[in-house]
Amino acid sequence: MRVLVGGGTGFIGTALTQLLKAKGHEVTLVSRQPAPGRITWDELALSGLPSCDAAVNLAGENILNPLRRWNEAFQKEVLSSRLETTQMLAKAITKAPHPPRAWILVTGVAYYQPSLTAEYDEDSSGGDFDFFSKLVTKWEAAARLPGDSTRQVVVRSDSPGINFKECHPRRFFPLHRILKVVMGNLSTHHLPFLVSLLPKELVTNTGYEVMIKVMIKRFTLCVCIKTSHVPYKDVSIIYPQ
């Protein structure tokens, strides 16, 4: 199978690319910089979609970029990096003389309102209560294709990272299970349009800190910082042994 992966150099994209190649699939990445086995976003816009059997988009600015301040300019970049790449791929697929059989977009469970008790599925409401939920709504709308010549799939997944911005609990979904769902949608033709990866186990930021400390075998030190938005936040600083 020939698979085109947008954002294939990120955390999930790198793992997906390695898995696809290990299973004998041919992978072409879409990235900002040219390299063997890659095309750039500019080349995609100018030359159209390369021949492929499936397309996956994982592109988007890292919302936990430690070198960036969470201000209006960075929020616009987080939004535009997702919408523009998704729109570009969707447009290329629509215009392709031989479109891929599958088009998969990985978004986020930020679509749903955080809760300690609520249970959500693909039919649950959301997408309209804060920056991230509205981002997911716009992101998924940008991926819509006219017609049904290409099977369209949206995977709402929680990423394997720590949400320092919000203090409410989050759901931990292991990377290998995210990859399994994406791989399954590449080869199966009868799965639903929308797949939400919402495991039952809730993990708080404190619990996440413990897991990371165990996984990377480092000590952690909790400190308190004052911000302009929230009086105090607990931040975990990880030091090597």
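Residues numbered from 1 in each chain as written. Predicted model: local features only at pLDDT ≥ 70, side-chain atom pairs only at ≥ 80, totals over all residues. Heavy atoms only, no water.

## Considerations on the pairing of strand S1 (residues 2–6)
- Across the five residues of S1, four count as buried, placing the element largely inside the fold.
- Strand direction decides the pairing type here: S1 and strand S2 (residues 26–31), joined by five bridges, are parallel. The residue bridging Arg-2 from the neighbouring strand is Glu-26, located in S2.
- With respect to chirality, the unit in which S1 leads through helix H1 (residues 11–22) into the neighbouring parallel S2 is right-handed. (Buried < 20%, exposed > 50% of the residue type's maximum accessible area, 1.4 Å probe, protein only. Helix = DSSP H or I, 4+ residues; strand = E, 2+ residues; numbered from the N terminus. Pairing = 2+ DSSP bridges. Right-handed = clockwise from strand over helix to strand, strands pointing away.)

## Side note on the pattern of salt bridges
- Applying the stated rule across the entire model yields five salt bridges.
- Between Glu-72 and Lys-76 there is a salt bridge, and its shortest N-O distance comes to 3.6 Å. Of this pair, Glu-72 and Lys-76 both sit in helix H3 (residues 72–95), four residues apart, which is roughly one turn of that helix. The exposure classification of Glu-72 matches that of Lys-76, with both residues exposed.
- Arg-156 is paired through a salt bridge with Glu-140; the nearest N and O atoms lie 2.8 Å apart. With Arg-156 in strand S6 (residues 151–157) and Glu-140 in helix H4 (residues 131–142), the pair connects residues that are 16 residues apart, well separated along the chain.
- Counted as one network, the salt bridges with shared partners bring together Arg-2, Asp-53 and Arg-101. (Salt bridge = Lys/Arg side-chain N within 4 Å of Asp/Glu carboxyl O.)

## Notes on the environment of Asp-128
- Mapped onto the fold, Asp-128 is located in the loop between strand S5 (102–108) and H4.
- With a relative accessible area of 57%, Asp-128 lands in the exposed category.
- For the pair Asp-128 and Gln-113, spaced 15 residues apart in the sequence, the C-alpha separation amounts to 9.1 Å.
- With near-sequence residues (within four places) excluded, Asp-128 lies in contact with Ser-133 and Lys-134. (Contact = heavy atoms within 4.5 Å.)

## So, the pairing of S6
- Among the seven residues of S6, seven are classified as buried, and the element is accordingly described as predominantly covered.
- Neither face of S6 is open: one carries Arg-151, Val-153, Val-155 and Ser-157, the other Gln-152, Val-154 and Arg-156, and all of them are buried.
- As defined by bridge partners, S5 adjoins S6 across seven bridges and the pair is classed as parallel. What sits directly across from Ala-102, in S6, is Arg-151.

## Notes on the side chain of Thr-86
- Examined against the element boundaries, Thr-86 turns out to sit in helix H3.
- For Thr-86, a relative accessible area of 0% corresponds to the buried category.
- Beyond its immediate chain neighbours, meaning those up to four positions away, Thr-86 contacts Asn-57, Trp-103, Leu-105, Trp-139, Ala-142 and Ala-143.

## A look at the packing of H1 against helix H5 (residues 175–187)
- With their axes 10 Å apart at the nearest point, H1 and H5 run at an angle of 55 degrees to one another. Classified by the interaxial angle, the pair formed by H1 and H5 is oblique. The two elements H1 and H5 cross, and the hand of that crossing is right-handed. Across from Phe-11, Ile-12, Ala-15, Leu-16, Leu-19 and Leu-20 in H1, the residues of H5 making contact are Leu-175, Ile-178, Leu-179, Val-182, Met-183 and Leu-186.
- Its residues assigned to classes, the contact of H1 with H5 comprises twelve nonpolar, no polar and no charged. (Axes fitted to C-alpha atoms, helices over the stretch in contact; angles between N-to-C directions. Parallel < 35°, antiparallel > 145°, perpendicular 65-115°, else oblique. Left-handed = near helix turned anticlockwise from the far one by under 90°. Nonpolar A, V, L, I, M, F, W, Y, C, P; charged D, E, K, R; others polar.)

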